[in-house]
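Spelled out from the first residue to the last, the chains are:
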Amino acid sequence: MPCIFITGASSGFGLSIAKRFAAGGYDLILTGRRRDRLDRIQSELSQTHGVTVTTLCFDVRDKQAVRTSIESLGERGIDILVNNAGLASGLSTLDQGDTDDWDLMIDTNLKGLLYVTHALLPRLTAQKQGHIINIGSTAGKNVYKNGNVYCATKFAVDALSQAMRIELLPFGVKVTAINPGAAETEFSLVRFKGDEARARAVYEGFQPLRPEDIADVAWYCAQLPPHVCINDLTMTCITQANSVYNLGPRP
Ligand code: NDP
Ligand code: 8X3
């Protein structure tokens, strides 16, 4: 069976992508920090879909943990890597910003993505086939007010997707960047540090994307013929033009 490796599979997009690919017959390697959630998802998806679900519990910021966890897979090949784990922390001007928030976003969204990719690349290049799907954002296309460092990390993901595509051409490995706009997940709850009312308010007055929408698009990109690669795909709900213009409210 084909196998997909997904970072940040304990909630949101990563979880929906796991469900979509399990339903399509893929074995799953699911990662995240919350062991209890990963265990629950493993048991649910393996029972429902009869696929093999492996879980790896690690923090993508921990270079050594990334390496050791991925080494524990042995020689196992993977067909698709989804670099999805990420977060926003805070929303304020640079002069009011918390430098710990900046470290968290840069270490997770940028360095974490690099550590995971670095650890898995030898498998993909040796196979001479495969697919990397990087979850960027509309925030990596246009900067919005107070989005500064989060946007910078997503611009960096855009740059890394372009770099990977160039470097992996000789190996037949596809690289797709999926850049969603506002989607209702745990994203805003994390950004606003558990403030549920503030998180809910982000999605009031319009129909945001659902995590299932991102999973459907990832599935589509992964099922194209071997010679076709979607390089860069931006998707928003129908009230949003880009990360700045939304008929709904902007926090
Ligand atoms: P969620 O908060 O629902 O999911 C984030 C996932 O990332 C969780 O599974 C979390 O798992 C994992 N994660 C976060 N930090 C780490 C870490 N240090 N190490 C390992 N895993 C980590 O948010 P989304 O599903 O919305 O976000 C997924 C991606 O999509 C992010 O990269 C985000 O920037 C991006 N995005 C989100 C949009 C939105 O509007 N929701 C729009 C565009 C892009 P755990 O806590 O168990 O470690
Ligand atoms: C998440 C979407 O617009 O809230 O990347 O930054 S946004």
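The structure presented is a predicted model; accordingly, all values stated were derived computationally and were not measured. (Residues numbered from 1 in each chain as written. Chains lettered and ligands numbered in written order. Predicted model: local features only at pLDDT ≥ 70, side-chain atom pairs only at ≥ 80, totals over all residues. Heavy atoms only, no water.)

A. How the structure looks around the packing of aromatic side chains. Evaluation of the coordinates by the stated rule reveals 4 aromatic pairs. Three or more aromatic residues link up through ring pairs in this structure, and these residues are F21, Y26 and W219. The lysine or arginine in question, R191, covers the ring of Y150, its NZ or CZ lying 5.4 Å from the ring centre. (Phe/Tyr/Trp six-rings, centres within 6.5 Å; stacked < 30°, edge-to-face > 60°. Lys NZ or Arg CZ within 6 Å of the ring centre and 35° of its normal.)

B. Main features of the sheet that holds strand 6 (residues 173–180). Spatial strand order, 3-2-1-4-5-6-7: 7 strands in an open sheet with parallel pairing. A single partner strand is all that each edge strand has here, and the edge strands are strand 3 (53–57) and strand 7 (232–235). Put simply, the sheet's adjacent strands are angled 15° from each other on average, direction ignored. Pairing geometry for strand 2 (residues 27–32) and strand 3, over 5 bridges, is parallel. Across the sheet, the residue bridging to L30 is T55, located in strand 3. Strand contacts of helix 1 (residues 12–23): strand 1 (3–6), strand 2, strand 4 (80–83), strand 5 (130–135) and strand 6, with the helix running at about 175° to strand 1, the strand carrying the most contacts. (Pairing = 2+ DSSP bridges. Helix = DSSP H or I, 4+ residues; strand = E, 2+ residues; numbered from the N terminus. Axes fitted to C-alpha atoms, helices over the stretch in contact; angles between N-to-C directions. Contact = heavy atoms within 4.5 Å.)

C. Structural detail: helix 3 (residues 63–71). Every buried residue of helix 3 is accounted for by V66, S69 and I70. Along the axis of helix 3, the buried residues cluster in a sector spanning 95°; they form a single face. (Buried < 20%, exposed > 50% of the residue type's maximum accessible area, 1.4 Å probe, protein only. Arc of directions from axis to C-beta.)

D. Examining the side chain of S11 more closely. Residue placement: S11 occurs in the loop between strand 1 and helix 1. When residues no more than four places from it in sequence are discounted, the contact partners of S11 are R34, R37 and E186.

E. Broad picture of the layout of surface pockets. A volume near 940 Å³ is recorded for the largest pocket. Ranked by residue count, the leading element in the lining of the largest pocket is helix 6 (residues 187–191), at 4 residues. Here the lining of the largest pocket is built from residues that sort into 22 nonpolar, 19 polar and 8 charged. A volume near 220 Å³ is recorded for the second largest pocket. Lining the second largest pocket are 14 residues, and of these Q129, G130, H131, K174 and A222 sit closest to its centre. (1 Å grid on protein atoms, 1.4 Å probe; cavity = no way out; pocket = protein on both sides within 12 Å on 5 of 7 lines; lining within 4 Å. Points joined across faces, edges and corners; volume = space filled by probe spheres on them. Nonpolar A, V, L, I, M, F, W, Y, C, P; charged D, E, K, R; others polar.)

F. View of the environment of S69. In this fold, S69 is placed in helix 3. Residue class for S69 comes out buried when judged on its relative accessible area of 13%. Taking C-alpha positions, S69 is 15 Å from L28, a pair spaced 41 residues apart along the chain.

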